[in-house]
Amino acid sequence: MKTNRTNGQEGYAHYQVGQAAKLLDWLMENLKGESRTKIKATLQGHGIKVNGKERTRFDHPLAPGDRISVSLTKKNRDQFKSRYLKIVYEDRHLVVIEKQAGILSMAAGHSSLNVKTVLDGYFRQTRQRCTAHVVHRLDRDTSGLLVYAKDKETELAMESDWHHIVYDRRYVAVVSGEMEQDEGTVASWLKDNKAYITYSSDTDNGGKYAVTHYHVLRRTTDYSLVEYRLETGRKNQIRVHSADLGHPVCGDIKYGNGDDPCGRLCLHAYILCFYHPVTHERMEFETPIPPAFLHLFK
């Protein structure tokens, strides 16, 4: 595709479209040296304009002669530094982050190390009049993508219709042993006992019904790399269902078998797709599979 680029004076690089294409395809073809993840983040972060109007949809149609403006400036989130989390996307209503293993999603008991506290500090630092509202959670030792609302209205909108707003949520895990089936589904009722251990039952035990779909990405005789897609989002769902399969998540001290090749719980929330609760646009986020997981399958 032939394009022309000029350097703008307002912090944008300007291009002209040579032939019809979808916006993300065009950006991938023409922004040389930029990764797909970074291009998608720029697009979702309102850093792309088409004919002077901000566009965030990946499939926005382009016509010959359209003018594309790509932001060259760094936003507040690019200046945010934390060893515990990274801001992937931010707008006036919500923020999407990737958290490291070892930090809580929100405060619990006497622990002060949690994502909400870190985000609230960032909002104060950048003079934003908002606080982080927890919409969903990850276990302390699970890494990956989380979305937080910036106001009560957005939080309630997401929580009240979470099952329909979130249309794709996937995790990747290293599990113990070689999985026999390439893919399948686990369904059971999950209920906590008084010690907060979640038990699984094939029949209704008064708990919550949980459905997990799985697909094996790689395997050796010792480990399997498995993608999990949640149809329901119950507490400890993947960890319990993996144990049900006879292949517990590695590094799981609660439901595992002691297999711990990475020195951490080998569970990562790597895909999160939802309809924006205010604009209703499709928001699609993906983070790389942790290198420590992949190293086991070289």
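Residues numbered from 1 in each chain as written. Predicted model: local features only at pLDDT ≥ 70, side-chain atom pairs only at ≥ 80, totals over all residues. Heavy atoms only, no water.

**Quick notes on helix α2 (residues 36-44)**
- All of the buried residues in α2 are Ile 39, Lys 40, Ala 41, Leu 43 and Gln 44.
- Immediately downstream of α2, the backbone of His 46 shows phi near 60 degrees, a positive value. (Buried < 20%, exposed > 50% of the residue type's maximum accessible area, 1.4 Å probe, protein only. Helix = DSSP H or I, 4+ residues; strand = E, 2+ residues; numbered from the N terminus.)

**Description of the environment of Ser 200**
- As for its position among the elements, Ser 200 is in strand β14 (residues 198-201).
- A relative accessible area of 28% means that Ser 200 is categorised as partly exposed.
- Measuring from C-alpha to C-alpha, the distance between Ser 200 and Val 240 comes to 7.0 Å, with 40 residues separating the pair along the chain.
- Not counting residues up to four positions away in its chain, the partners in contact with Ser 200 are Ser 188, Trp 189, Leu 190, Val 240, His 241 and Asp 244.
- Looking at Ser 200, its side chain comes within polar contact range of the side chain of Ser 188, at 2.7 Å.
- At a separation of 2.7 Å, a polar atom in the side chain of Ser 200 contacts the side chain of Asp 244. (Contact = heavy atoms within 4.5 Å. Polar contact = N/O pair within 3.5 Å; in protein donor to acceptor, adjacent residues only side chain to side chain.)

**Section: the packing of aromatic side chains**
- Considering all chains together, one arrives at seven aromatic pairs under this definition.
- Grouping aromatic residues by their ring pairs yields a cluster made of Phe 80, Tyr 122 and Phe 123.
- Across the ring face of Tyr 167, the terminal group of Arg 282 is positioned such that the distance to the ring centre comes to 4.7 Å. (Phe/Tyr/Trp six-rings, centres within 6.5 Å; stacked < 30°, edge-to-face > 60°. Lys NZ or Arg CZ within 6 Å of the ring centre and 35° of its normal.)

**Digging into the layout of surface pockets**
- By volume, the second largest pocket amounts to about 820 Å³.
- Every residue lining the second largest pocket is counted, 30 residues in all, and those nearest its centre are Arg 137, Gly 233, Arg 234, Lys 235 and Asn 236.
- Among the secondary structure elements, those contributing two or more residues to the lining of the second largest pocket are β12 (166-176), β13 (183-192) and α7 (237-244).
- Considered class by class, the residues forming the lining of the second largest pocket number twelve nonpolar, eight polar and ten charged. (1 Å grid on protein atoms, 1.4 Å probe; cavity = no way out; pocket = protein on both sides within 12 Å on 5 of 7 lines; lining within 4 Å. Points joined across faces, edges and corners; volume = space filled by probe spheres on them. Nonpolar A, V, L, I, M, F, W, Y, C, P; charged D, E, K, R; others polar.)

**Side note on the pairing of strand β11 (residues 143-149)**
- For β11, the tally of buried residues reaches seven of seven residues, placing the bulk of the element in the interior.
- Looking at chain direction, strand β9 (residues 94-99) and β11 are connected through six bridges and run antiparallel. Residue pairing in the sheet places Leu 94 in a bridge with Ala 149 of β11.
- Summarising the sheet, strand β10 (residues 133-134) and β11 pair through two bridges and their orientation is antiparallel. When the sheet's bridge partners are listed, Val 134 is paired in β11 with Tyr 148. (Pairing = 2+ DSSP bridges.)

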